[in-house]
Amino acid sequence: MIGHGHIDPVWLWPWTEGVAVVHSTFRSALDRMKETSDLVFTASSAQFYQWVADNDPGMLTEIRQRIAEGRWNVVGGWWVEPDMNLPSGEAMVRQGLYGQLTLEKLVGKRAVVGFNPDSFGHPGTLPQIIRLQGMENYVFMRPAPHEKTIPADLFWWEGPDGSKVLTYRIQHSYNESRDVNRRINDVLKIAKEQPMMDFMAFFGVGDHGGGPTKINIESINGLKTEKGAPTVFYSSVDRYFEDVRAKGLNLPTVKDDLQHHAVGCYSAESAIKKNNRLSEAALVTAEKIATVGAVIWKAHYPKERFTDAWKQILFLQFHDSLAGSSLAVHSKDALEGHQYALNIAHTAAALAIQKLEWQIPSEDPESEYLVAFNPHAWEVTANMEYDLNHIPSPQVTDDRGQSLPAQYIQAQSVTGRRRILFNATLPPLGYRQFRIRKGEATPAESKVSADANRLENEFYRITFSPNGEIGIYDKEAGRDVFKGGATGCKGVIIDDPSDTWSHDVRDFTKNAPTEYNYVTKGEIGAFGKAKTIVLEKGALRAGVRVQSAWGNSDMTVDWLLTSGSRQIEALVSLNWHERLKMLKFSFPVDVESPVPTYETPYGVIVRKPNGEEDPGQRWIDVTGKRGADSYGLTVLNDAKYGYNVQENDLRITVTRSAPYAHHGPSPLSKLAPDTEVLWMDQGIQTLRLLLVPHKGSWQDINVPRMAEEFIAPPVITYQGIHRGTMPKSASFLAINTPNVIVSAIKQSETGSDLVIRLVETLGKAAAPVLRFPSVNISWRGNIKPFEIQTLRVNPQTGNIKEVNLLEE
């Protein structure tokens, strides 16, 4: 019998109420322990213990005493119990890093059990992450048996890299406010089908906290002496896993993610999801630049501010927060929190590069100078943009004097400034200076062109239908990317009467006749009545703007194509004013036997093209057969997490206009009049897309590196005129292996060592070599498919050692 009090620090209440709920729940649990000498209580979330330490140090002393007695079980090891589908792999690393170190500091103990009973699905890459954080066991509840069939409720969960954790699925509920017989019966119903004879039954008031009740305790004490009842006793989650491990049971192994529950939460509340992704990326980029800067050019590394920013992001990843299943007032709080983290990240990166810029010579007063910093440990070629004072016939040259393709595009201001666009190659994790001055007015040869119905470069000819869909003709492949020609990026409208979570829905175009009674009309329309105009047309890049509408909503998509590029960029601005409707972008890839691949946190997963809604990270790919050859399309984005693939039709969920926190099965009409309903995603939202048609597989074009470059572009800084001693171009860290990314570089939590995270991304073993050219250090290692490796570098001695995700 596991005494518990599940706490949602935000859900149908703001986080400030959650702080009070933590205090009252922990107080109640401690009081019940005084009354019942063998009662044991289990609680997770380092953030909760931090609130206790800040507000009631005496309570923390009591908790430490109960931990020493074995009666208070600290589980989870993470900052909160987050959504498990939407945070990035690096954010999951930080959940454990800051969670475990905080628990050790406050209560003298780290968790050995990962604990996310209420999260809405769990990625198959999780076993490796939590094992590297010191946890060899895991507890979850969702998906339930009707949502996911697994061979047993106690099993070995194995990740793609081979890591295993012993995992337990809670039967029916983690809450029980009254007599515990219901929880006992939940276990007895399934006990004969299971490979074990020992089970955990959770009791206590939860969600808004509360913990074990006197009624709970009376009923458990009664069961202890009841004839014919199973043996029941107070215990902890830790003790349960110790006991079942000691029995040496023959348990099944599951090699899969644990899905699906509440698929609407992959897409509910667009703003919090986009800001999460941008905040994660901005902090990782800032840490890389500031870490290298602190070693090489004596920049400031704001460790405490970075930690504060991460903890803000991690709290906002709580499952009812990032999932979009909380209140409108929390969405406002989340916006403030993400802006706080973004400001810390952008300020730290800017100040670090400014200190570098002051040391790079830029001595011609007739020229303008820019410095671009590449945050990736491999060479990157990219378009760069910056608003400058107007220079007639601008000539852009790099540090070697090489002239670069450039053009003016629409500026941020209509007065005095012009926006320069140029394309250049940057060294691995390093910078390059660029000089802009008046040049000769000689037109450059252009291989990109546009008119109102066409956009074209060396590789693609893009056309636009009257409704605003696009067609892509792949010149090298000699055929259209989309089935039927100009049918790509169709804005499909789907009737979506489901609640905020979309309970029991798997495919939004199909009815789900369960207690939630999801009955949909399916697809009910599409954006159309398109107008197209040429947005820009230069030697380097051309663009076409497509404006379309449906119902009360309108949308603008700027399609951009660069000379020499196989990537097609789209900037989307959606002005949405619908209710109980969903917008999906449809990309019907013209292939046979399609295979969908989704990015997951520090990994990938192949799923079936069955039309069901699935979670993903920054990209999704559909590859299939064209005759004997493989061909496919990868779509990347900076804001969305919900996808589905029906046969060859790849779809991204752009928005769901659900009400805030409507939990079925009660119909919305019975809960509140329409005038009292607050609706999500009303108004303008934006996102970026990158479309990459390709021969062969997604591995052949290295989509994981492409995603890193897409979400974290070069950071550009303006230079004044001054002398300097730093070179005009330099690289500080380079990796030689294409299938291994350097996903994070930071200062260690203790001391000032460098922490470098490597992730294998293509499913191939490798022998990566890291080189630090500026300090003449190198490292060679071996990495397994989809393995995460963390290195700790002493910059003074050059000593490099492999550590776990807690940097030990």
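This report concerns the structure included in the present document.

**Quick look at the overall build of the protein chain**
Now for step 1: Looking only at helices and strands, the protein chain features 14 helices and 45 strands.
Now for step 2: The C-alpha radius of gyration of the protein chain comes to 28 Å, within 12% of the 28 Å expected for a compact globule of 808 residues.
Now for step 3: Residues counted as buried form 62% of the 808 residues belonging to the protein chain.
Now for step 4: For the protein chain, long-range pairs separated by at least 24 residues make up 72% of all intrachain contacts whose partners lie at least 6 apart in sequence.
Now for step 5: Carbon and sulfur atoms provide 49% of the accessible area of the protein chain, an area that totals close to 30100 Å².
Now for step 6: Considering the protein chain, the positive charge centre built from 86 side chains and the negative charge centre built from 95 side chains are found 2 Å apart.

**Considerations on the sheet that holds strand β19 (residues 460-464)**
Now for step 1: Spatial ordering of the open sheet is given by β17-β18-β19-β20-β21, a layout of five strands whose pairing is antiparallel. Strand pairing shows two members of the sheet lacking a second neighbour, β17 (449-451) and β21 (479-480), which therefore form its edges.
Now for step 2: With three bridges joining them, β17 and strand β18 (residues 454-456) adopt antiparallel strand pairing. Bridge pairing links D451 to R454 in β18.

**Digging into the environment of A20**
Now for step 1: As for its position among the elements, A20 is in helix α1 (residues 15-35).
Now for step 2: Residue classification places A20 among the partly exposed residues on the basis of a relative accessible area of 47%.

**Remarks on the nonpolar core**
Now for step 1: Core analysis: the biggest nonpolar cluster contains 125 residues, and F26, Y49, I63, W72, I756, L758 and L770 have the highest contact counts within it.
Now for step 2: Sequence-distant contacts of I63, defined by excluding residues within four places in its chain, comprise F26, L30, Y49, V52, W72 and V107.
Now for step 3: One finds I493, V572, Y598 and L691 within the second-largest nonpolar core, a separate group that totals 48 residues.

**Focus: the pattern of salt bridges**
Now for step 1: One pass over the structure, following the stated rule, counts 47 salt bridges.
Now for step 2: Note that R454 and D451 form a salt bridge whose closest N and O atoms lie 3.3 Å from each other.
Now for step 3: If you follow the salt bridges from partner to partner, you end up with E385, D387, R419, E536 and R541 in one network.

**What to know about the environment of P609**
Now for step 1: Tracing the chain through its elements places P609 in the loop between β30 (603-606) and β31 (614-615).
Now for step 2: Considered as a pair, P609 and L540 are 69 residues apart in the sequence and their alpha carbons are 38 Å apart.
Now for step 3: The contact partners of P609, leaving out residues within four places of it in the chain, are P594, P596, V645, Q646 and E647.

**Here we look at the layout of surface pockets**
Now for step 1: Put simply, the second largest pocket is a space of about 950 Å³.
Now for step 2: Every residue lining the second largest pocket is counted, 37 residues in all, and those nearest its centre are M141, R142, A144, H172 and S173.
Now for step 3: By residue number, the principal contributor to the lining of the second largest pocket is helix α6 (residues 181-191), which donates three residues.
Now for step 4: When the residues that make up the lining of the second largest pocket are grouped by side-chain class, the tally is 13 nonpolar, 10 polar and 14 charged.

**Remarks on the sheet that holds strand β33 (residues 629-637)**
Pairing between sheet strands relies on hydrogen bonds along the backbone, with the strands arranged either parallel or antiparallel.
Now for step 1: Spatially, nine strands are ordered β24-β25-β26-β27-β36-β33-β32-β29-β30 in an open sheet, and the strand pairing comes out antiparallel. Lying at the two open borders of the sheet, with one neighbouring strand each, are β24 (528-537) and β30. The sheet shows a mean angle of 20 degrees between the axes of neighbouring strands, taken without regard to direction.
Now for step 2: The sheet contact formed by β33 and strand β36 (residues 683-695) spans seven bridges and is antiparallel. Looking at β36, one finds that N637 is bridged to L689.

**Looking at empty space enclosed by the protein**
Now for step 1: Counted according to the given criterion, the structure contains six cavities of 30 Å³ or more.
Now for step 2: Within this model, the largest cavity holds a volume of roughly 440 Å³.
Now for step 3: Lining the largest cavity are 31 residues; nearest its centre among them are S88, E599, Y602, R618 and E708.
Now for step 4: Elements supplying a minimum of two residues to the lining of the largest cavity: α4 (89-107), α9 (270-296), β29 (592-600), β30, α14 (703-711), β40 (740-747) and β41 (754-760).
Now for step 5: Among the elements that make up the lining of the largest cavity, the one with the highest residue count is α9 (six residues).
Now for step 6: When its residues are assigned to classes, the lining of the largest cavity shows 14 nonpolar, nine polar and eight charged.
Now for step 7: When its volume is computed, the second largest cavity comes out at roughly 140 Å³.
Now for step 8: What lines the second largest cavity is a set of 15 residues, and nearest its centre among them are V295, F732, L754, F772 and V775.
Now for step 9: Residue assignment for the lining of the second largest cavity shows that the elements contributing at least two residues are α9 and β41.
Now for step 10: Ranked by residues supplied to the lining of the second largest cavity, first place goes to α9 with three residues.

**Some remarks on the side chain of Q100**
Now for step 1: Relative to the elements of secondary structure, Q100 occurs in helix α4.
Now for step 2: Filtering out sequence-adjacent residues up to four positions away, Q100 remains in contact with G77, R110, A111, Q133, M135 and L806.

**So, the pairing of strand β22 (residues 490-495)**
Now for step 1: Of all the six residues making up β22, five are buried; the element is thus mostly covered by neighbouring parts of the structure.
Now for step 2: Of the strand pairs in this sheet, β22 and strand β28 (residues 581-588) are connected by six bridges, and their pairing is antiparallel. Its bridge partner lying in β28, K490 is registered against S586.
Now for step 3: Pairing analysis gives three bridges linking β22 to strand β23 (residues 523-526), with the strands arranged antiparallel. In the sheet register, I493 faces β23, and the bridge partner there is G525.

**Some remarks on the packing of α9 against helix α10 (residues 303-316)**
Now for step 1: The N-to-C vectors of α9 and α10 enclose an angle of 155 degrees; their axes lie 11 Å apart at closest approach. As summarised for this structure, α9 and α10 are arranged roughly antiparallel, according to the angle between their axes. Handedness of the crossing formed by α9 with α10: left-handed. Here I272, N276, S279, E280, L283, V284, A286, E287 and A290 of α9 come into contact with α10, specifically with F306, A309, W310, I313 and L316.
Now for step 2: Partitioning the contact of α9 with α10 into residue classes produces 10 nonpolar, two polar and two charged.

**Overview of the environment of M197**
Now for step 1: Within the secondary structure, M197 is located in the loop between α6 and β8 (202-203).
Now for step 2: For the pair M197 and V244, spaced 47 residues apart in the sequence, the C-alpha separation amounts to 9.2 Å.

**Focus on the packing of aromatic side chains**
Now for step 1: For the structure shown, the criterion picks out 25 aromatic pairs.
Now for step 2: Judged by centre distance (6.3 Å) and plane angle (80 degrees), the rings of F140 and F155 are edge-to-face. Of this pair, F140 sits in strand β5 (residues 137-140) while F155 sits in strand β6 (residues 154-158); the two residues are 15 residues apart in sequence, bridging distant segments of the chain.
Now for step 3: According to the relative accessible area criterion, F140 is buried, its value standing at 1%.
Now for step 4: Arranged with centres 5.0 Å apart and planes meeting at 55 degrees, the rings of F422 and F434 form a pair that is tilted. With F422 in strand β15 (residues 417-426) and F434 in strand β16 (residues 430-438), the pair connects residues that are 12 residues apart, well separated along the chain. Assigned by exposure class, F422 and F434 land together as buried.
Now for step 5: Each member of the aromatic cluster is reached from another via a ring pair, and the members are F26, F41, Y49 and W72.
Now for step 6: For R277, the ring lying beneath its charged end belongs to Y641, and the centroid distance is 4.1 Å.

Thresholds applied
- Residues numbered from 1 in each chain as written.
- Predicted model: local features only at pLDDT ≥ 70, side-chain atom pairs only at ≥ 80, totals over all residues.
- Heavy atoms only, no water.
- Helix = DSSP H or I, 4+ residues; strand = E, 2+ residues; numbered from the N terminus.
- Rg over C-alpha atoms; globule rule 2.2 N^0.38 Å.
- Buried < 20%, exposed > 50% of the residue type's maximum accessible area, 1.4 Å probe, protein only.
- Contact = heavy atoms within 4.5 Å.
- Areas by Shrake-Rupley, 256 points an atom, 1.4 Å probe, with all protein chains shown as cover.
- Lys, Arg positive; Asp, Glu negative; His and termini not counted.
- Charge placed at Lys NZ, Arg CZ, Asp CG, Glu CD.
- Pairing = 2+ DSSP bridges.
- Core = buried A, V, L, I, M, F, W, Y, C linked by side-chain atoms within 4.5 Å.
- Salt bridge = Lys/Arg side-chain N within 4 Å of Asp/Glu carboxyl O.
- 1 Å grid on protein atoms, 1.4 Å probe; cavity = no way out; pocket = protein on both sides within 12 Å on 5 of 7 lines; lining within 4 Å.
- Points joined across faces, edges and corners; volume = space filled by probe spheres on them.
- Nonpolar A, V, L, I, M, F, W, Y, C, P; charged D, E, K, R; others polar.
- Axes fitted to C-alpha atoms, helices over the stretch in contact; angles between N-to-C directions.
- Parallel < 35°, antiparallel > 145°, perpendicular 65-115°, else oblique.
- Left-handed = near helix turned anticlockwise from the far one by under 90°.
- Phe/Tyr/Trp six-rings, centres within 6.5 Å; stacked < 30°, edge-to-face > 60°.
- Lys NZ or Arg CZ within 6 Å of the ring centre and 35° of its normal.

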